[in-house]
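In case you want the letters, here they are:
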Amino acid sequence: IHSAAVADRPPVEIPQSNLVAPYSLPVIYYVAGWTLQRVSLAKTVAKSKRLKYQQFFPLHNRGIDYAKENNLPYTLVQMREKRR
């Protein structure tokens with residue numbers, strides 16, 4: 001993940017192989033998606049500085065269709081959507 005909002009920080013790399021447990025990669029993707037969504041709200045950032053955070057989200061967010069096409073984990077997101 002890289003954008004002007006974090007230009008001075010190194011990019012985050014998500015591992016492609018499951019090194020910990022069968023459920024770890026789906027959890028990483030779920031938490032990353034939740035984090036991106038919270039960044040887009042930028043509730044603790046002054047209104048005058050929120051634009052870069054709000055622009056960060058759509059540049060880096062990927063939907064379930066993208067996840068399915070690229071064989072990425074999406075089951076936790078589906079379970080969350082069913083509960084709504």
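What comes next is a walk through the structure. Residue numbers here run from 1 along each chain, matching the order of that chain's written sequence. Owing to the predicted nature of the model, reporting of local features is limited to residues with pLDDT of at least 70; listing and counting of side-chain atom pairs is limited to 80 or more, with chain, interface and lining totals taken over all residues. The side-chain quantities take in all heavy atoms of the structure and omit both hydrogens and water.

**Comments concerning the packing of helix α1 (residues 24-41) against helix α4 (residues 75-83)**
In a packed pair of helices, the relevant descriptors are the angle between the two axes and the axis-to-axis distance.
Okay, step 1: Geometry is summarised by axes, namely lines fitted to C-alpha atoms with helices restricted to the contacting stretch, and by angles between N-to-C directions that run from 0 to 180 degrees. Strands here are runs of E lasting at least two residues and helices are runs of H or I lasting at least four, both read from the DSSP assignment and numbered beginning at the N terminus. With their axes 8 Å apart at the nearest point, α1 and α4 run at an angle of 60° to one another. Judged on the interaxial angle alone, α4 and α1 are oblique. Each of Pro-26, Val-27 and Tyr-30 in α1 lies in contact with α4, whose residues at this interface are Leu-76, Val-77 and Arg-80.
Okay, step 2: Note on residue categories: nonpolar means Ala, Val, Leu, Ile, Met, Phe, Trp, Tyr, Cys or Pro, charged means Asp, Glu, Lys or Arg, and polar means any other residue, Gly included. Classifying every residue of the contact of α1 with α4 by side-chain character gives five nonpolar, no polar and one charged. For classification purposes, angles smaller than 35 degrees are called roughly parallel, those larger than 145 roughly antiparallel, those between 65 and 115 roughly perpendicular, and all remaining angles oblique. Whether two residues are in contact is decided by their heavy atoms: any pair within 4.5 Å suffices.

**Focus on unusual backbone geometry**
Okay, step 1: Not every positive phi belongs to a glycine, and Ala-42 is a case in point at roughly 45°.
Okay, step 2: As for its position among the elements, Ala-42 is in the loop between α1 and α2 (51-60).
Okay, step 3: Burial classes follow relative accessibility: with a 1.4 Å probe on protein chains only, a residue under 20% of its type's maximum area counts as buried, one over 50% as exposed, and anything between as partly exposed. Assessed through its relative accessible area of 6%, Ala-42 is described here as buried.
Okay, step 4: Positive phi, close to 55°, is recorded for Asn-71, a residue that is not glycine.
Okay, step 5: Looking at the element boundaries, Asn-71 is found in the loop between α3 (64-69) and α4.

**A look at the layout of surface pockets**
Okay, step 1: Cavities and pockets were defined on a 1 Å grid built over protein atoms only: a cavity is a set of grid points that admits a 1.4 Å probe from which the probe cannot escape, a pocket is an open set flanked by protein on both sides within 12 Å along at least five of seven lines, and lining residues are those with an atom within 4 Å of any such point. Grid points are joined across faces, edges and corners, and a volume is the space filled by probe spheres set on the points. Volume-wise, the largest pocket comes out at about 700 Å³.
Okay, step 2: Residue lining of the largest pocket: 27 residues in total, with Tyr-29, Gly-33, Leu-36, Asn-61 and Arg-62 positioned closest to the centre.
Okay, step 3: Per element, the largest residue contribution to the lining of the largest pocket is eight residues, and it comes from α1.
Okay, step 4: For the lining of the largest pocket, a count of residues per class yields 18 nonpolar, six polar and three charged.

**Re the packing of aromatic side chains**
Okay, step 1: Ring pairs are drawn from Phe, Tyr and Trp, using the six-membered ring of Trp, whenever the two centres fall within 6.5 Å, and their geometry is named by plane angle: stacked under 30 degrees, edge-to-face over 60, tilted for the rest. Following the criterion strictly, the structure yields zero aromatic pairs and no others.
Okay, step 2: Lying across the ring of Tyr-66, Arg-62 places its NZ or CZ 5.4 Å from the centre. Over a ring means this: the NZ of a Lys or the CZ of an Arg is within 6 Å of the ring centre and within 35 degrees of the ring normal.

**Quick look at the environment of Lys-43**
Okay, step 1: Topologically, Lys-43 is positioned in the loop between α1 and α2.
Okay, step 2: Beyond its immediate stretch of four places on either side in the chain, Lys-43 contacts Arg-38 and Arg-50.

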